[in-house]
Amino acid sequence: MAIQQADKLLKKHKDLHCAKVLKAIGLQRTGKQDEAYALAQEVAALEPTDDNSLQALTILYREMHRPELVTKLYEAAVKKVPNSEEYHSHLFMAYARVGEYKKMQQAGMALYKIVPKNPYYFWSVMSLIMQVELYYMILERLEKYKEALDVVRGKLGEKLTSELQSRENKCMAMYKKLCRWPECNALSRRLLLKNSDDWQFYITYFDSVFQLIDESWTPPPEEEHSLEGEVHYSIEQAVKFIEERITEESKSSRPLRGPYLAKLELIRRLRYRGCNDEYKLGDPEELMFQYFKKFGDKPCCFTDLKVFVDLLPSSQYTKFISQLLEVIPLSATAESEIALPADIKALQQHLCVVQLSRLLGIYHAMDKKQKLAVVRELMLRYRHGLEFGKSCLKTELQFSDYYCLLAVHLLLDLWLEGEETAVWQCLTLLEEGLSHSPSNAQFKLLLIRIYCRLGAFEPVAELYSSLDAKHIQHDTIGYLLTRYAEALGHYAAASQSCNFALRFFHSNQKDTSEYIIQAYKYGAFEKIPEFIAFRNRLNSSLHFAQVRTERMLLDLLLEANISTSLEESIKSMSLSPEEDDIPWKDLRDNRDLTVLFNWDPKDRDISEEHRKLSLEEETMWLRIRSLTLRLVSGLPTLSHTIQPKNSEKTAENGVSSKIDTIRSLLQQLEAAVDSGKKFLEQKIQYPVLGPPPTRMAGFFSNGSCQCQTSLFYLVSDIYELDTNGLEDSAEIQERIGNSFKSLVERLTDLFNKCKGDLIEVRDGTLKTHPNLLENLVFFVETISIALWVSSYCDSVLRPFKSNLQKKKKKKKESSVAMPPVFTHFLDYVTELQTLTSNVIDHIKGLEIILTALKVEELSLKDTLLLQEEKKFTKTVQGKVQSSYHHSVQEIGELLKKRLDTIKKLKI
């Protein structure tokens, strides 16, 4: 519509620049980038000076991700209109977008000369100050730390005011780099005297003290200890200093946690070094008890003490917890046997103790009966705690939410120990919790993980949407969505979730430029390298590479040879088998694997080793998927060209090099598969709330991998037949015939691994089989690849057949012997059709079973469930049933479309 309107305007006014640019914007947005660029350059060459044309061209160049063209535009404009404040201002900002610092300074001064306003002068001055920042940063990057320190401590350093304590922090960083521990110590000591609650300086203080002790440092006689003043270089001084901070804290108008935690930190360090001086600071158990009495009603108390629980001997755990419980004001009521808190402070204290009990492994040591009793108690406390949150807004969390979460964690333990009903209780309690606390992200995240583990994606999409993930979160927690959407057969939701993520990644480049401009505008120059590093980190994101690859495979799966040809689909994606745009060496794992709260002891928690292994597994799986995509994108490049047998021209027209690319990719795929199989031999078990495993294990075990690899080998054989011709190719034809047979057998085996009930009722409880669903999804993908390869076979065999028929007409023979490859291919296509029809029938059967399943008649075989919980259980089971039904419907619909494609394969 916009293009038509612009054309109408141009008929009346053919030299109207703005109309041409608006037409170019329309062309850009409809995917006609080349036409848009040509039209824009036609206008830009005329060096327009009207504001409408300039603004429209700026919008267009931004959409094209070509900010450098905007600078040329305004350079020409200010030459023609040298006194325009607006154009000079736009030119300054255009330089900022591309990082032309020197030109920015010049543009700022030119602007100030035309319009002597203070902000314009400051822009120019800022560009000069930026050079101080840059000078410091360059020295730092060149590892010239001494010179950098001189800059910071000198007169130029006074200009470094873009952050609070900017100068001190920079000095500290340089002292550390130069190992100038006396200065480090003196500066951190001085800053702690100003603010005894700043934790980062306690860490630097302790680091420097122990470095000086190890170096046997002593102050120089009759001189200043250091450039920054007095230095502490012994344990006695450190102990005295911390005790003094605690004494000072007692005089403070508000309680400060820093000095008390610093005392525990010093004990931890002394114990680690095997020093006998820790006794001077007191007993850690007593210190933690006193800390709890002082700060136990603060939500941060648990996270503060969590770091130091290693200081307690395991034999004292139960005694320590009992000691804490004794000081909490709890009172029994007539309705309840359990002593309950009378106010929010007491509730918060009790919650802290429950969290510590979990962290110390006290709950893990219990048997099933004890665990269920604790679950019941925690839920009773949770419901009692709701009384304190009656006035809370919907956006606020309930004070007792953690009780519910801890109860769910206990039930998850039972589920992993083989208690099948426990997982349904988890979902029941979480749904109940969410009904009282609709904004609790932890409830939602845990529901997402458990529903996905059960193979139900439908409720997950809504839960993730309600999290309202913003910006960087699409990279850090997006994996929770994209890992399961397609794998569980929700193709439409998978497309949508990939779009969410890709929209964020694609806007990153443009947005980062804007952040850089804002940094200039407000003088936060130090942030500029951070923004650039941020942009690079996102461009190298593992999740970005995964989503991009999976999105293209998904688009091919849903469209190629259905709504558009494979060749058109690949062309629209600008895919090329030769190009690999994944930065393998620089891939960054930006996933937040600790987004779910966890109170497990260290030996059960997610470790660095788990992170490393998960990244390794994800990278291997990405390599397999990327190679699969590139192999598929190579199929249309092997287009059939009739050439004389053994002709050297095939090398000239580039087709032979294309088959070399396919064969090289196939070798890489085999290597990637071997690496994946070796990795899986380790049988790694991630914690239940740790990183989700990839789809790689299922891909190997159900036979999809062998099927897909065989299909790509078949491409190589068909190509060989194409170049050699039908004569003297009996061996190749036989090889192709055998490949067809083994492929049908393998696909049939894969189908057999999809058989079985997706949901079954066992002892009145639902039992889901998500692996069957994942196998079905792999079957659809593999049959799609089989069809794309079959289309290539068809394009090769069809011309051979027509040539044979022409010869038959010329010789007027009633029968010309048909080479066996034609029969092999027709048999193969017929068997593919039969197999796909059988799978569609099987899916129809699954739909009938799922529809007939009466979830509401089921009841969990556990008397623990209260009446109000039962309604949530029905809701949960209904959601899982509905999700599975949705999955098989989408899979069935896609398979029907694929069946229609098979029917067209008649040579």
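Residues numbered from 1 in each chain as written. Predicted model: local features only at pLDDT ≥ 70, side-chain atom pairs only at ≥ 80, totals over all residues. Heavy atoms only, no water.

How we decide: UniProt positions are given in the numbering used here, feature names are shortened, and annotations may be inferred rather than shown by experiment.
Under an unreviewed UniProt entry, the chain has the name N-alpha-acetyltransferase 25, NatB auxiliary subunit and belongs to Bubo bubo. Listed under Sequence similarities (unreviewed entry) in UniProt, the entry text for the chain is "Belongs to the MDM20/NAA25 family."

### Regarding the overall build of the chain
Our working definition: We count a stretch as a helix when DSSP gives it H or I for four or more residues in a row; a strand needs E for two or more, and each element gets its number in order from the N terminus. Note on classification: 1.4 Å probe, protein chains only; a residue is buried when its accessible area is under 20% of the maximum for its type, exposed when over 50%, partly exposed between these limits. Any pair of residues with heavy atoms lying within 4.5 Å of one another is described as a contacting pair. Only the protein chains shown count as cover for residues, with accessible areas throughout obtained via the Shrake-Rupley method and a probe of 1.4 Å. As used throughout, the charge tally considers Lys and Arg to be positive and Asp and Glu to be negative, leaving His and the chain termini uncounted. The atom standing in for a charge is NZ when the residue is Lys, CZ when it is Arg, CG when it is Asp and CD when it is Glu.
Helix and strand counts for the chain come out as 38 helices and 4 strands. Summarising its shape, the C-alpha atoms of the chain cover approximately 115 × 85 × 60 Å along the three principal directions. Taken across its 907 residues, the chain has 53% of its residues classed as buried. In the chain, once contacts between residues fewer than 6 apart in sequence are set aside, the share between residues at least 24 apart is 72%. Summing over all exposed atoms, the chain offers an accessible surface of approximately 42600 Å²; the carbon and sulfur share of this is 52%. Computed over 119 positive and 125 negative side-chain charges, the separation of the two mean positions in the chain equals 5 Å.

### As for the pairing of strand β3 (residues 759-762)
Where we set the bar: At least two DSSP bridges between two strands are required for those strands to pair.
Here 4 bridges tie β3 to strand β4 (residues 765-768), and the two strands are oriented antiparallel to one another. Directly across from glutamate 760, in β4, lies its bridge partner lysine 767. Hairpin connection, β3 to β4: the antiparallel pair is bridged by 2 residues, and aspartate 763 has positive phi, about 50 degrees.

### Some words on the confidence of the model for the chain
To be explicit about the condition: For every residue, the predictor assigns a confidence score, pLDDT, that lies between 0 and 100.
In the predicted model, the chain carries a mean pLDDT of 88, and 91% of its residues have values of at least 70. Note that pLDDT drops below 50 for residues 642-652; the model gives that stretch 12 contacts with residues more than four away or on any other chain.

### What to know about the pattern of salt bridges
Stated precisely, the cut-off is as follows: By salt bridge we mean one thing: a side-chain nitrogen of Lys or Arg within 4 Å of a carboxyl oxygen of Asp or Glu.
A full pass over the atoms with the stated rule returns 47 salt bridges. Residue arginine 269 pairs with glutamate 265 through a salt bridge whose shortest N-O separation is 2.8 Å. Of this pair, arginine 269 and glutamate 265 are both found in helix α14 (residues 258-272), 4 residues apart, which corresponds to roughly one turn of the helix. Accessibility assignment for this pair places arginine 269 and glutamate 265 in one class, buried. Linking glutamate 420 and lysine 767 is a salt bridge whose minimum nitrogen-to-oxygen distance equals 3.7 Å. Separated by 347 residues along the polypeptide, glutamate 420 in the loop between α20 (401-416) and α21 (421-436) and lysine 767 in strand β4 bring together distant segments of the chain. Through salt bridges that share partners, Asp207, Glu265, Arg268 and Arg269 make up one connected network.

### Structural notes on the side chain of threonine 768
In plain terms, the rule: Here a polar contact is taken to be a pair of N or O atoms separated by no more than 3.5 Å, where protein atoms must pair a possible hydrogen donor with a possible acceptor and residues adjacent in sequence count only if both atoms sit in side chains.
Its location among the elements puts threonine 768 in strand β4. A polar side-chain atom of threonine 768 sits 3.1 Å from the main-chain carbonyl oxygen of leucine 454. Apart from residues lying up to four places away in sequence, threonine 768 is in contact with Trp424, Leu454, Leu758, Ile759, Val880 and Tyr884.

### Notes on the packing of aromatic side chains
Note the threshold: Think of it this way: a Phe, Tyr or Trp ring, Trp meaning its six-membered ring, pairs with another when their centres are within 6.5 Å, and the plane angle makes it stacked under 30 degrees, edge-to-face over 60, tilted otherwise. Charge-over-ring placement is defined geometrically: NZ (Lys) or CZ (Arg) within 6 Å of the ring centre, and within 35 degrees of the ring normal.
On inspection of all chains with the given rule, the structure shows 20 aromatic pairs. Taking the centre distance of 5.1 Å and the plane angle of 50 degrees together, the rings of phenylalanine 504 and phenylalanine 505 count as tilted. Residue phenylalanine 504 is classed as buried on the basis of its relative accessible area, which comes to 5%. On the basis of relative accessible area, phenylalanine 505 is assigned to the buried category, the value being 3%. Each residue in the set Trp621, Phe699, Phe700 and Phe778 is aromatic and connected to the rest through ring pairs, giving one cluster. Sitting above the plane of the phenylalanine 700 ring, lysine 677 keeps its charged end 5.6 Å from the centroid.

### Section: helix α13 (residues 235-250)
This is how the line gets drawn: Under the convention used throughout, the expected extent of a helix is 1.5 Å for every residue step, that is, one less than its residue count. Think of the arc as the fan of directions from the helix axis to the C-beta atoms.
Between its terminal C-alpha atoms α13 stretches 23 Å, which fits the 22 Å expected from 16 residues at 1.5 Å a residue. Taken together, the buried positions of α13 are occupied by Ile235, Ala238, Val239, Phe241, Ile242, Arg245, Ile246 and Glu249. Taken around the axis of α13, the buried residues stretch over an arc of 165 degrees, which confines them to a single face. Away from its buried face by more than 90 degrees, α13 exposes Lys240 and Ser250. The inward-facing, buried residues of α13 contact α11 (181-194), α12 (199-214), α14 and α15 (284-295).

### Thoughts on a negative patch on the surface
Spelled out, the test is: Candidate patch residues must exceed 30% relative accessible area and have no salt bridge, after which like charges are joined if within 9 Å and Val, Leu, Ile, Met, Phe, Trp or Tyr side chains if within 5 Å.
Negative charge collects at one region of the surface, where Glu745, Asp749, Asp827 and Glu831 lie side by side. Mapped onto the negative patch, the elements with two or more residues apiece are α35 (730-752) and α37 (820-852). Summarising the element assignment, aspartate 749 is placed in helix α35.

### So, the side chain of threonine 58
Looking at where threonine 58 falls in the secondary structure, it is placed in helix α4 (residues 51-63). Other than its neighbours up to four places away in sequence, threonine 58 contacts Val70, Leu73 and Tyr74.

### Topic: unusual backbone geometry
The phi dihedral of cysteine 179 falls on the positive side, at around 55 degrees, and the residue is not glycine. You can see cysteine 179 is positioned in the loop between α10 (166-177) and α11. Given the relative accessible area of 48%, cysteine 179 is considered partly exposed.

### Remarks on the packing of helix α19 (residues 368-385) against α20
For the record, the criterion: An axis is simply a line fitted to the C-alpha atoms; with a helix, the fit covers only the stretch in contact. Between two such axes, the angle follows the N-to-C directions and lies from 0 to 180 degrees. Small angles under 35 degrees read as roughly parallel and large ones over 145 as roughly antiparallel, with 65 to 115 read as roughly perpendicular and the rest as oblique. It is the rotation of the near helix from the far one that decides the hand of a crossing: anticlockwise by less than a right angle makes it left-handed, clockwise makes it right-handed. The residue classification treats Ala, Val, Leu, Ile, Met, Phe, Trp, Tyr, Cys and Pro as nonpolar and Asp, Glu, Lys and Arg as charged. All others, Gly included, are polar.
Look at α19 against α20: their axes get within 8 Å of each other, and the N-to-C directions meet at 160 degrees. Here α19 lies roughly antiparallel to α20, going by the angle between them. Considering only the axes of α19 and α20, their crossing is left-handed. Mapping the contact onto sequence places Lys368, Lys371, Leu372, Val374, Val375, Leu378, Met379, Arg381 and Tyr382 in α19 and Asp401, Tyr403, Cys404, Leu406, Ala407, Leu410, Leu411, Asp413 and Leu414 in α20. Residues belonging to the contact of α19 with α20 are distributed by class as follows: 13 nonpolar, no polar and 5 charged.

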